[in-house]
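# Secondary and tertiary structure notes
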Amino acid sequence: MRLLFLAVLRRHTGNAVTAQRVREHLEAAGHICLLKDTSDLGSSSEIAHFIKAENLEAALALHLYRGGRLLQGHGIPFGIIFGGTDLNEDINQREKNQVMGKVLEEARFAVAFTESMKEMAQMQWKARQISLAVTCAIPVRPHARDKIYVQSQGIVTVPNAAFNWNTFLHCSGINQSADNLHIFLLVCGLRQVKDPLYLVDAFSEWHQEEPNVYMVIVGPEVDPVFTREVKAKVKRTPGVRLLREMPQEDLHAALKNCFAVLNSSVSEGMSAAILEAMDLEVPVLARNIPGNVAVVKHEVTGLLFSDPQEFVQLAKRLVSDPALEKEIVANGKEYVRMYHSWQAERDTYQNLIRTLEGSTEE
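Residues numbered from 1 in each chain as written. Predicted model: local features only at pLDDT ≥ 70, side-chain atom pairs only at ≥ 80, totals over all residues. Heavy atoms only, no water.

### Observations concerning the packing of aromatic side chains
Spelled out, the test is: A pair of aromatic rings is counted whenever rings of Phe, Tyr or Trp (Trp by its six-membered ring) have centres within 6.5 Å, and the orientation is called stacked for planes under 30 degrees apart, edge-to-face for over 60 and tilted otherwise. Here a strand is any run of E in DSSP of at least two residues, a helix any run of H or I of at least four, and the numbering for each starts at the N terminus. Buried residues are those whose accessible area, probed at 1.4 Å on protein chains only, stays under 20% of the maximum for their type, while exposed residues exceed 50% and partly exposed ones sit between those limits. Here, a charge over a ring is recorded when the distance from Lys NZ or Arg CZ to the ring centre is within 6 Å and its angle to the ring normal is within 35 degrees.
A full pass over the atoms with the stated rule returns 10 aromatic pairs. Measuring from centroid to centroid gives 5.4 Å for Phe184 and Phe259, while their planes differ by 65°, and the two rings are edge-to-face. With Phe184 in strand 7 (residues 182-187) and Phe259 in the loop between helix 9 (248-257) and strand 10 (260-263), the pair connects residues that are 75 residues apart, well separated along the chain. What makes Phe184 buried here is its relative accessible area of 0%. Phe259 sits in the buried class, given a relative accessible area of 12%. Summarising the aromatic geometry, the rings of Tyr335 and Tyr339 are spaced 5.4 Å apart at their centres and angled 40° between planes, so their arrangement reads as tilted. With Tyr335 and Tyr339 both in helix 13 (residues 322-339), this residue pair falls 4 residues apart, about one helical turn. In this structure Tyr339 comes out as exposed when scored by relative accessible area, which is 53%. Clustering of aromatic rings is evident, with ring pairs tying together Phe184, Phe203, Trp206, Phe259, Phe305 and Phe311. Its guanidinium or amino end placed over the ring of Tyr65, Arg69 lies 4.6 Å from that ring's centre, counting from NZ or CZ. The ring of Tyr198 carries Arg287 above its face, with NZ or CZ at 3.5 Å from the centroid.

### Overview of the pattern of salt bridges
The line we're drawing: Salt bridges, as used here, are contacts in which a Lys or Arg side-chain nitrogen is within 4 Å of a carboxyl oxygen on Asp or Glu.
Here the structure, examined in full by the defined rule, presents 12 salt bridges. Among the ionic pairs, Glu221 bridges to Lys231, the shortest N-O distance being 2.9 Å. You can see Glu221 sitting in the loop between strand 8 (213-218) and helix 8 (224-235) and its partner Lys231 sitting in helix 8, a full 10 residues away along the chain. Between Arg317 and Glu299 there is a salt bridge whose closest N-O contact spans 2.6 Å.

### Details of the UniProt feature "domain: Glycosyl transferase family" (unreviewed entry) in the chain
Condition: UniProt positions are given in the numbering used here, feature names are shortened, and annotations may be inferred rather than shown by experiment.
Under the feature "domain: Glycosyl transferase family" (unreviewed entry), the UniProt entry names residues 177-334. Structurally, residues 177-334 is divided into 44% helix and 17% strand, and its ends, taken at the C-alpha atoms, are 32 Å apart.

### Some details on the confidence of the model for the chain
Which entries qualify depends on this criterion: pLDDT expresses, on a scale from 0 to 100, how confident the predictor is about each individual residue. Whether two residues touch is decided by their heavy atoms; if any such pair falls within 4.5 Å, the residues are in contact.
With 93% of its residues at a pLDDT of 70 or more, the chain has an overall mean of 90. Confidence over residues 127-142 falls short of pLDDT 50; this stretch has 15 contacts with residues more than four positions distant or in other chains.

### Considering the packing of helix 7 (residues 200-209) against helix 12 (residues 308-320)
To describe two helices that pack against each other, one gives the angle between their axes and the distance between the axes. We count it as follows: In this analysis an axis means a line fitted to C-alpha atoms, helices contributing only their contacting stretch, and an angle means the value between N-to-C directions, from 0 to 180 degrees. Here the angle decides the label: under 35 degrees means roughly parallel, over 145 means roughly antiparallel, 65 to 115 means roughly perpendicular, and every other value means oblique. Definitions for this section: a left-handed crossing has its near helix turned counterclockwise from the far helix by less than a right angle. A right-handed crossing has that turn clockwise. Charged residues are taken to be Asp, Glu, Lys and Arg, nonpolar residues to be Ala, Val, Leu, Ile, Met, Phe, Trp, Tyr, Cys and Pro, and polar residues to be all remaining types, Gly included.
In the contact formed by helix 7 and helix 12, the axes pass within 9 Å of each other and the chain directions differ by 40°. Taken together, helix 7 and helix 12 sit at an angle that is classed as oblique. Relative to helix 12, the crossing made by helix 7 is right-handed. Contacts between helix 7 and helix 12 involve Ala202, Phe203, Trp206 and Glu209 from the first element and Pro308, Phe311, Val312, Ala315, Lys316 and Val319 from the second. Here the residues of the contact of helix 7 with helix 12 are counted per class, giving 8 nonpolar, no polar and 2 charged.

### Examining the environment of Gln98
Summarising the element assignment, Gln98 is placed in helix 4 (residues 94-106). Since its relative accessible area comes to 38%, Gln98 is described here as partly exposed. In this structure, the C-alpha to C-alpha distance between Gln98 and Glu281, residues 183 residues apart in sequence, is 42 Å.

### Some thoughts on the sheet that holds strand 11 (residues 284-287)
Let me state the cut-off plainly: Strand pairing is defined by DSSP finding a minimum of two bridges between the two strands.
One open sheet accounts for 6 strands, arranged 9-8-7-10-11-12; its pairing is parallel. Looking at which strands have only one partner, the edges of the open sheet turn out to be strand 9 (240-243) and strand 12 (303-305). In this sheet, neighbouring strand axes are inclined to one another by 25° on average, regardless of whether the strands run parallel or antiparallel. Packed onto the sheet, helix 9 meets strand 7, strand 8 and strand 10 and runs at close to 140° relative to strand 7.

### Quick look at the side chain of Asn263
Basically, it comes down to this: Polar contact is defined as a pair of N or O atoms within 3.5 Å, subject to the rule that within protein one atom must be able to donate a hydrogen and the other to accept it, and that residues adjacent in sequence are counted only when both atoms are side-chain atoms.
Checked against the element boundaries, Asn263 lands in strand 10. At 2.9 Å, the side chain of Asn263 forms a polar contact with the side chain of Asn292.

### Details of the packing of helix 10 (residues 272-279) against helix 13
The N-to-C vectors of helix 10 and helix 13 enclose an angle of 115°; their axes lie 7 Å apart at closest approach. Considering their axes alone, helix 10 and helix 13 lie roughly perpendicular with respect to each other. Taken as a pair, helix 10 and helix 13 cross one another with a handedness that is left-handed. On the side of helix 10, the interface is formed by Leu275, Met278 and Asp279, while helix 13 contributes Val329, Gly332, Lys333, Tyr335 and Val336. A per-class count over the contact of helix 10 with helix 13 returns 5 nonpolar, 1 polar and 2 charged.

### Considering unusual backbone geometry
Its identity is not glycine, yet His63 carries a phi of approximately 100°, on the positive side. Relative to the elements of secondary structure, His63 occurs in the loop between strand 3 (58-62) and strand 4 (78-81). Under the relative-accessibility criterion, His63 is labelled buried at 1%. Despite not being glycine, Asp195 shows a phi value in the positive range, around 45°.

As structure tokens, then:
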């Protein structure tokens with residue numbers, strides 16, 4: 001089958017990595033999957049022309065609003081994968097919410113990374129259905145409950161064996177012996193929802209007490225205005241460094257070498273960096289938000305903090321308690337093995353895409 005796959009494909013972002021992995025799953029089943037950035041096909045007419053020109057039979061979109069809305073009304077069946085922003089942010093904007101409800105109604109299937117994401121979508125668009133039925137005085141076909149499947153992200157890590165940790169430290173402006181350092185790595189695109197500055201002041205105060213602890217933020221410059229704010233803040237803050245995005249194998253090697261991985265996002269769908277750190281047997285400290293709570297069990301597979309001060313307390317505890325570190329990384333590794341299987345993810349997408357075969361709509 002010839003498939004169109006729409007996603008936001010900023011390089012070295014979680015969405016791009018997920019989209020590439022899902023495409024590989026579909027192509028392994030013999031499908032031809034044309035992965036396109038939503039910004040390249042930004043209008044309905046461009047989508048229609050592309051579908052016709054490429055003789056496409058079905059489609060898939062990552063992100064209910066940014067991708068899914070572009071697939072409506074073209075006469076080919078499609079499925080969608082929820083992101084994080086669609087359910088955590090866009091759902092609160094009335095116009096986007098209405099558009100996403102219509103997309104979900106037309107989609108043949110939808111994939112949520114967690115049970116909580118599935119429940120959120122079901123509750124949101126079940127309410128919309130009831131409202132429509134009352135307002136229009138006509139029966140409205142339920143559409144969310146039976147078509148949303150839960151499939152967590154499949155994780156595979158491949159650290160670059162040639163990666164040089166000392167070079168990484170030098171590029172970060174950290175000129176101390178690696179043996180005595182505790183590097184906390186925050187991997188995120190520079191945009192407000194990732195809140196990369198959330199821990200900066202508290203971490204800097206800790207660094208001034210203990211100069212061998214550093215926080216390094218690594219990620220692409222997604223929001224140009226916010227990026228300037230982050231750069232200015234980091235430049236004047238002791239103990240905090242900022243690096244541009246890295247190839248995935250280098251990033252995995254950096255994760256493996258650091259002391260702990262951080263997540264300070266306001267909202268998350270499912271953080272690949274957290275899961276990759278677990279797979280690489282690196283401790284995780286994550287902000288206590290629903291998307292993180294879905295994958296991090298406090299003091300079992302990682303540590304959860306609710307404010308910067310609690311983060312510092314937990315980080316200090318982790319540094320001083322090797323037994324806790326050992327237990328957390330062992331549990332995290334086992335959790336990823338059990339619940340984030342790459343093969344299970346492949347099976348799910350290959351099975352779901354079959355529901356689109358031979359079902360082109362008029």
